[in-house]
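Descriptive analysis of the structure
Spelled out from the first residue to the last, the chains are:
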Amino acid sequence: MEVEQQVSSTWEGYVDWRNKPALKARHGGMVAASFVLWAEILENLAYLANASNLVLYLSEYMHYSPSKSANSVTNFMGTAFLLALLGGFLSDSFFTTYQIYLISSVVEFLGLVILTVQARSSSLKPPKCDSSTPNIPCQEPHGGKAAMLFVGLYLVALGVGGIKGSLPTHGAEQFDENTPQGRKQRSTFFNYFVFCLSCGCLIAVTLVVWIEDNKGWEWGFGVSTLAILLSIPLFLAGSCFYRNKIPCGSPLTTILKVLVATALNTCKSRSQSSSIASLSTSPSPPTPTTTEEQAGKSTIPTELIETPTSSLKFLNRAVINQAPHKSLQCSVQQLEDVKIVLKILPVFACTIVLNCCLAQLSTFSVQQAATMNTKLGSLKVPPASLPVFPVLFIIVLAPLYDHFIIPFARKATKTETGITHLQRIGIGLFLSIVAMAIAALVEIKRKQVASDSGLDSTDPLPITFFWIAIQYLFLGSADLFTLAGLLEFFFTEAPASMRSLATALTWASLAMGYYLSTVIVSIVNSVTSSYKHKPWLSGKNLNHYHLERFYWLMCVLSGLNFLHYLFWAIKYKYRSTGSNK
């Protein structure tokens, strides 16, 4: 009786920070998740304070050309988000999300210390440009100076990747998914995770960028270093409240094992195909595991599946015949877990185009605003501060969505979620179409004003930059719906053993969107420059660009992508409790 009471009072499959069984009365819940939210504000502040203004540091202080600076920043940001997959993999396989966050924070801190020291010491930077000899190009960093710069940057990228791959999952794991209250609180957590991410971004692109521009980059890097340093004790303060999921072993091993077993069994003689008929009446024998394997597995309760489902039937061959080697023997549960992963990949792919649209916020939209009247009363707003608009929209919309829209939707639909995860992602994708159409119309209006004022004029155009804010409103709204929706969708739908890796796909989509934007611009210029035409997006004067055509192209691509998404979303069947109720 005492043993049963002890089991019922603990979270099965979870431990506390001392590696003891997590207690239901003490561990988990919104209090534990609140420490994660505060840590996210500081972490995102530390990352974006440098990423948002890094191109200026590389071009003006490290003397890289504008193209090299832009490519370096793109590679840095893309690498940081792609490394979230590594952070998610390690969190699922060998370490807890708690441990990965702490390790990653220290790595990012070390990278920022290196960048701060280099920015502080003139001997570690290339010499200043000599204004008396303008014909002599400025010297770029070489050897040890360049190595110090990029070691610092990519230590930061490695740390950011580990944090992005572990922190959202760590916060979401604090809630009991077996109760409606726990699932509602988890949904609220994801909304406020995006809210806190935006709060960190707001401080980064305003206060810290101002410090970098006016007080020096050593102060900007110093603020970032202090922010990530403070996030560590803040995160540790919640240690006694956290429940940490026990690692379940490598999810990639399971995926590869099922795929290889499927391929090998497909190649076997068709004479053995008669076993398919018997599969529906007799369950697949369980995969034998050693005592050591069982000890390393998580004991998180899952619904055991005895017979394969009819979806993705070709994978069922993995459990039909005896595997040629013991290491390739698969259980039906492992087979179904891999099916779930493959089913969510099309949803992941459909969000890349959206993130490609979001990439325009930091490129062409800023350049458009630079040609317009950016005065706000007596205050002149720097065009680089325009990302403040979508951030402010998200900060306002996130609480409204959680406290007003969702409760209303729950009453109207009489369902637990009110708006399902896929509906939420779909709304974001649709808003991106509207945003690109508005961007095209605003550019047409801007060029009309430019034509009346003289296309080659360098004076600010007599049109306010608030016209650009309209597309920021829709893209910011799209980002809120899609980012929070993706995080929650991947977490709730993925198998328990693969949640961190699946959630990290959200950040990988962001990275691929940035890369795709660069590819599309290159393709557009290559295609439009044929037949002796001038490329749409080339030259020093934005007024001679055909930017409106590019925006219409992105609008069409977003529309086709939305139809592609609807195809997969309509076919998708939820597996998690409460995800579509």
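Residues numbered from 1 in each chain as written. Predicted model: local features only at pLDDT ≥ 70, side-chain atom pairs only at ≥ 80, totals over all residues. Heavy atoms only, no water.

**Re the sheet that holds strand β1 (residues 10-15)**
Our working rule: Should DSSP find at least two bridges between two strands, the strands are regarded as paired. Here a helix means four or more residues in a row that DSSP labels H or I, a strand means two or more in a row labelled E, and each is numbered from the N terminus.
Strands sit in the order β2-β1-β3 across an open sheet of three strands; the sheet is antiparallel. The open sheet has two edge strands with one neighbour each: β2 (21-23) and β3 (244-245). Here two bridges tie β1 to β2, and the two strands are oriented antiparallel to one another. Looking at the pairing, Val-15 lines up with Pro-21 of β2.

**A word on the packing of helix α7 (residues 143-172) against helix α19 (residues 499-528)**
Let me state the cut-off plainly: All axes here are fitted lines through C-alpha atoms, helices being fitted over the stretch that makes contact, and every angle between N-to-C directions spans 0 to 180 degrees. Each helix crossing is assigned a hand: it is left-handed if the near helix lies turned anticlockwise from the far helix by less than a right angle, otherwise right-handed if that turn is clockwise. Whether two residues touch is decided by their heavy atoms; if any such pair falls within 4.5 Å, the residues are in contact. Classification convention: Asp, Glu, Lys, Arg as charged; Ala, Val, Leu, Ile, Met, Phe, Trp, Tyr, Cys, Pro as nonpolar; all other residues, Gly among them, as polar.
Across the interface, α7 lies against α19 with an axial gap of 8 Å and an inter-helix angle of 115°. Crossing of α7 against α19: the hand is right-handed. Mapping the contact onto sequence places Lys-164, Gly-165, Pro-168 and Thr-169 in α7 and Arg-499, Ser-500, Thr-503, Ala-504 and Trp-507 in α19. Residues of the contact of α7 with α19, tallied by class, amount to three nonpolar, four polar and two charged.

**Re the packing of aromatic side chains**
Aromatic rings in a pair are described by how distant their centres are and how their planes are angled relative to each other. Selection rule: When two rings of Phe, Tyr or Trp (its six-membered ring) have centres within 6.5 Å they constitute a pair, described as stacked for plane angles under 30 degrees, edge-to-face for angles over 60, and tilted for the intermediate range. For every residue, the accessible area (1.4 Å probe, protein chains only) is compared with the maximum for its type, and the residue is labelled buried under 20%, exposed over 50%, or partly exposed between those bounds.
Under the criterion given, the structure shown has 29 aromatic pairs. Judged by centre distance (6.0 Å) and plane angle (55°), the rings of Phe-430 and Phe-562 are tilted. In this pair, Phe-430 sits in helix α17 (residues 421-453) while Phe-562 sits in helix α20 (residues 547-571), placing the two residues 132 residues apart along the sequence. Between the aromatic rings of Phe-550 and Tyr-551, the centroid separation amounts to 6.2 Å while the plane-to-plane angle is 45°, which identifies the pairing as tilted. For the pair Phe-550 and Tyr-551, one class covers both residues: buried.

**Let's talk about the pairing of β1**
Of all six residues making up β1, five are buried, and the element is well covered by its neighbours. In this structure, the hairpin formed by β1 and β2 is closed by a connection of five residues, where Asn-19 is found at a positive phi of approximately 70°. As paired elements, β1 and β3 share two bridges and run antiparallel to each other. Directly across from Tyr-14, in β3, lies its bridge partner Lys-245.

**Some thoughts on the side chain of His-170**
By the element assignment, His-170 lies in helix α7. Residues within four places of His-170 in sequence aside, it is in contact with Val-36, Thr-97, Tyr-98, Phe-235, Tyr-242 and Asn-244.

**Here's the deal with the side chain of Ser-500**
Summarising the element assignment, Ser-500 is placed in helix α19. Setting aside residues up to four positions removed in sequence, Ser-500 forms contacts with Gly-88, Ser-91, Asp-92, Thr-97, Gly-165 and Thr-169.

**Description of the environment of Pro-127**
Within the secondary structure, Pro-127 is located in the loop between α6 (97-120) and α7. Pro-127 gets classed as partly exposed once you look at its relative accessible area, which sits at 40%. Along the primary structure Pro-127 and Pro-141 are separated by 14 residues, whereas in three dimensions their C-alpha atoms are 8.8 Å apart. Excluding residues within four positions of it along the chain, Pro-127 makes contact with His-63 and Gln-139.

**A look at the pattern of salt bridges**
For clarity, the cut-off: What makes a salt bridge here is a side-chain nitrogen of Lys or Arg within 4 Å of a carboxyl oxygen of Asp or Glu, nothing more.
Tallied over the entire structure, the rule returns 10 salt bridges. Of the charged contacts in the structure, one is a salt bridge between Glu-336 and Lys-339, with a shortest N-O distance of 3.3 Å. Of this pair, Glu-336 and Lys-339 both sit in helix α13 (residues 332-350), three residues apart, which is roughly one turn of that helix. Residue classification places Lys-339 among the buried residues on the basis of a relative accessible area of 0%. Connected through salt bridges with shared partners, the residues Glu-40, Glu-43 and Lys-164 form a single ionic network.

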